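What follows is the residue order along each chain.
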Protein chains: 2
Amino acid sequence: MVKSGVRKEIDEALLGFVDRQRPGLLSIGADLAPLLAALDALLSGGKRLRPAFCYWGWRAAGGVDDGAGILDAAASLELLQASALVHDDVMDSSDTRRGQPSVHRRLEAMARDAGWPGAAAPFGEGAAVLLGDLCLSWSGEMFERSGLEPGLLALGRPVYDLMRTEVMCGQYLDLLEGVRGRGTVEAALRVVEYKSAKYTIERPLHLGAALAGAGAGVVEALRAYGLPLGIAFQLRDDVLGVFGDPAATGKPAGDDLREGKRTVLVALTLERADAAGAALLERRLGDPGLDAAGVAELREVIADSGGLAGCEAMIERYTAQAAAALAAAPIAADARGALEELAVAATARLS
Amino acid sequence: MVKSGVRKEIDEALLGFVDRQRPGLLSIGADLAPLLAALDALLSGGKRLRPAFCYWGWRAAGGVDDGAGILDAAASLELLQASALVHDDVMDSSDTRRGQPSVHRRLEAMARDAGWPGAAAPFGEGAAVLLGDLCLSWSGEMFERSGLEPGLLALGRPVYDLMRTEVMCGQYLDLLEGVRGRGTVEAALRVVEYKSAKYTIERPLHLGAALAGAGAGVVEALRAYGLPLGIAFQLRDDVLGVFGDPAATGKPAGDDLREGKRTVLVALTLERADAAGAALLERRLGDPGLDAAGVAELREVIADSGGLAGCEAMIERYTAQAAAALAAAPIAADARGALEELAVAATARLS
């Protein structure tokens, strides 16, 4: 097992919590079983990045892993992430997630297959909104019930709260950039910062360190590593969303283009492309009927314009910034090693 | 001021919390202002029933009102309710709430009026999902930061958690009954119990009492009052949803019929109506094009079949059950008086 590997322990904590919730739901009615099944399917995938960063933030700050408390607190972030994914897929009308049908499509199919008289699609969407709400509630419940000392929980709670608010605001800004149309690289970067970089890496690290009672020096060092790494992580994800292998991403090729995501990659391309290339990208971006040939055409514009190279250069720059911050951070050697590994995993070209 | 009136104090706590969140959001970006404005507009209405029941549960259990702690904990339930309303309106595609445009319609109108190139309707819906998520997070944050002693918060937390899970499960069952079509009175009552009765009255009372460190006797007595009163409350709401005055309900006349809600009133009517009446109700229920004449026709079926009388009889029975439980409850006289008043307010024919 790699040094950064706490996947098994995080999974045990996460699935253990869900299993403890199960009887309560089924006592309300056996009709709740499909909602639980949809959650089980969703949680069977995923990289558990946020719990891993939270755990290593704790360790970096000198927290001891005694097999309790911190694993539940860290794993609670995966329920927050599950909520965000389920709601995101409803908002984007995404058909797939982690290589499976998205939650709303799954529940829509259940209603359709059963031959019920009501409209299946709004049922699926409504049920997914509710499952996302349940996951959001359960994340808070799992965090509070983690078993960490009340004094330590009180240190972490402001970070946990801030993380939730920041990601929701970042998602709103993302929607806003989408409806407004063409925006600046700077505006796209603000979305990346709040929707992704802080939420995925900076705040989980910050939370773990805060829960361990870290001093300001360790917290600042971890945040100085986490924010640029988080930006690099999202920029890599954006590149994979256009150029990635569907087998690795779990999403159809070019899905980000079809969804019309206003990524930094797109903003860079629009800045650098010639008039014809920019016009083509503006015209086809967000077209749900974009086929393989259309995706190939847009890929060409993004590569030829220098948008792709610009994005790769940014990834390199932010990754180097994170590495330098980590090298200088006043933390234990094993945590440094694990965070080095996680940095590579988060920004690898093939994920 | 009536004895049960803590509206002013609850409002101060609630709006004070939102005001404390405001600078943080605006520091992320001035673009967040419309989201805050939508929340302000939503919170300007509402009866604050859940906070009031929570507060009086606390007082009934001997909790002292020293102007702190419990008001914030109680007011946090209004943010939970705001989340539920915003998400409900998205799920039901409701245009109005509390006599104003619903949040998703308000934000959709903003995008349309600005002339932005993206699609306004999905933007409004997505933004409303996110605002609901924010309210749900903030409810938990406000509860935890209420300032109540950690030991008391720990007593209340399981009830708060249960309340959230129950209402979300109840809402899912409601969607399920809707898509499945014709169901039994019993199935409709289960939805009422979880989506509404427990959530609106039983659990808020329970939570307040638990936060005050109440013994099992007081908790059981309050729950024995709260559950039947909560059922009566929802049945009254269902009657008003069909027969109510739009000026009082804040919703267009017959909106529940247009939305196709599978209420106890509808189930009772289908059980009691003749074949022609039942067929008419089944055919027109959930028809978005139902006009005033159509609403009048369905009202006639519901009244003539005895469905309405059956529902009124149930309201009377549950209200009496609640009153008897309250009369026998081992609680202080001022709390009993306030809860008597709240019972009347919650089940009045004109609300």
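What counts, and where the lines are drawn
Residues numbered from 1 in each chain as written. Chains lettered and ligands numbered in written order. Predicted model: local features only at pLDDT ≥ 70, side-chain atom pairs only at ≥ 80, totals over all residues. Heavy atoms only, no water. Phe/Tyr/Trp six-rings, centres within 6.5 Å; stacked < 30°, edge-to-face > 60°. Buried < 20%, exposed > 50% of the residue type's maximum accessible area, 1.4 Å probe, protein only. Lys NZ or Arg CZ within 6 Å of the ring centre and 35° of its normal. Least-squares fit on C-alpha atoms with pLDDT ≥ 70 in both. Contact = heavy atoms within 4.5 Å. Core = buried A, V, L, I, M, F, W, Y, C linked by side-chain atoms within 4.5 Å. Domains from an automatic or database assignment. Buried area = accessible area lost by both parts, 1.4 Å probe. Salt bridge = Lys/Arg side-chain N within 4 Å of Asp/Glu carboxyl O. Polar contact = N/O pair within 3.5 Å; in protein donor to acceptor, adjacent residues only side chain to side chain. Helix = DSSP H or I, 4+ residues; strand = E, 2+ residues; numbered from the N terminus. Nonpolar A, V, L, I, M, F, W, Y, C, P; charged D, E, K, R; others polar.

### A short note on the packing of aromatic side chains
The description of two aromatic rings rests on the distance between their centres and on the angle between their planes. Counted by the stated rule, this structure contains 10 aromatic pairs over all chains. Plain terms: the ring middles of A:Tyr55 and A:Trp56 are 5.1 Å apart, the flat faces sit at 90 degrees to each other, and that makes the pair edge-to-face. Arranged with centres 6.5 Å apart and planes meeting at 85 degrees, the rings of B:Trp116 and B:Phe123 form a pair that is edge-to-face. The class of B:Trp116 is partly exposed, set by a relative accessible area of 24%. Here a set of aromatic residues connected by ring pairs shows up, and it is made of A:Trp116, A:Phe123 and B:Tyr172. Sitting over the face of the ring of A:Tyr318, A:Arg317 holds its NZ or CZ atom 5.5 Å from the ring centroid.

### Brief notes about the relation of the copies chain B and chain A
With an RMSD of 0.0 Å, the fit of chain B onto chain A corresponds to turning through 180 degrees and sliding 0.0 Å along the axis. What the superposition gives is, in effect, a two-fold axis relating one chain to the other. A shared interface surface links the copies, since 100% of the contact residues of chain B are contact residues in chain A too.

### Some thoughts on the nonpolar core
With 184 residues, the main nonpolar core has A:Tyr172, A:Tyr225, A:Leu339, B:Tyr172, B:Tyr225 and B:Leu339 as its most contacted residues. When sequence neighbours within four positions are dropped, the list of residues in contact with A:Tyr225 reads A:Phe53, A:Leu205, A:Ala322, A:Ala325, A:Leu326, A:Leu339 and A:Ala343. Among the nonpolar cores identified, the runner-up in size contains 32 residues, and A:Val192, A:Leu235, A:Val242 and A:Tyr318 belong to it.

### Re the domain arrangement of chain A
All names here are of chain A. Taken domain by domain, chain A holds domain 1 (1–44 + 70–147) and domain 2 (153–351). Once you take the C-alpha centre of each, domain 1 and domain 2 turn out to be 24 Å apart. The partner domain 2 presents 23 residues to the 25 residues of domain 1 that form the contact. Across the domain 1/domain 2 interface, buried area totals approximately 1,900 Å², and carbon plus sulfur atoms make up 61% of it. Applying the counting rule to domain 1 against domain 2 returns 2 salt bridges. A salt bridge links Arg157 to Glu144; the nearest nitrogen and oxygen atoms lie 2.8 Å apart. Scanning the region where domain 1 abuts domain 2 turns up 6 residue pairs in polar contact (both at pLDDT 80 or more). Breaking the side of domain 1 that touches domain 2 down by element, the ones donating at least two residues are helix 4 (70–92), strand 1 (96–97) and helix 6 (120–144). Counting residues per element, the side of domain 1 that touches domain 2 draws most heavily on helix 4, which supplies 11 residues. Its residues placed into classes, the side of domain 1 that touches domain 2 shows 9 nonpolar, 9 polar and 7 charged.

### Points about the side chain of A:Thr269
Residues and elements named next belong to chain A. Relative to the helices and strands, Thr269 resides in helix 12 (residues 264–272). Judged by relative accessible area, Thr269 falls into the buried class, the value being 0%. Of the polar contacts made by the side chain of Thr269, one reaches the backbone oxygen of Leu265; its length is 2.8 Å. Setting aside residues up to four positions removed in sequence, Thr269 forms contacts with Leu281, Val301, Ile302, Ser305 and Gly307.

### Notes on the interface of chain B and chain A
Each side of the interface is counted separately: chain B has 48 residues, and chain A has 48 residues. Buried surface at the junction of chain B and chain A, summed over both partners, amounts to about 4,500 Å²; 69% is from carbon and sulfur atoms. Of all residues in chain B, B:Ile28, B:Tyr172 and B:Val179 give up the largest surface area on contact with chain A, accounting jointly for 16% of the area buried on that side. A salt bridge links A:Asp161 to B:Arg145; the nearest nitrogen and oxygen atoms lie 3.5 Å apart. The interface formed by chain B and chain A contains 12 residue pairs in polar contact (both at pLDDT 80 or more). Elements represented by at least two residues in the side of chain B that touches chain A include exactly helix 1 (7–28), helix 2 (33–43), helix 4 (70–92), helix 5 (103–114), helix 6 (120–144), helix 7 (150–180) and helix 8 (185–211) of chain B. Counting residues per element, the side of chain B that touches chain A draws most heavily on helix 7 of chain B, at 16 residues.

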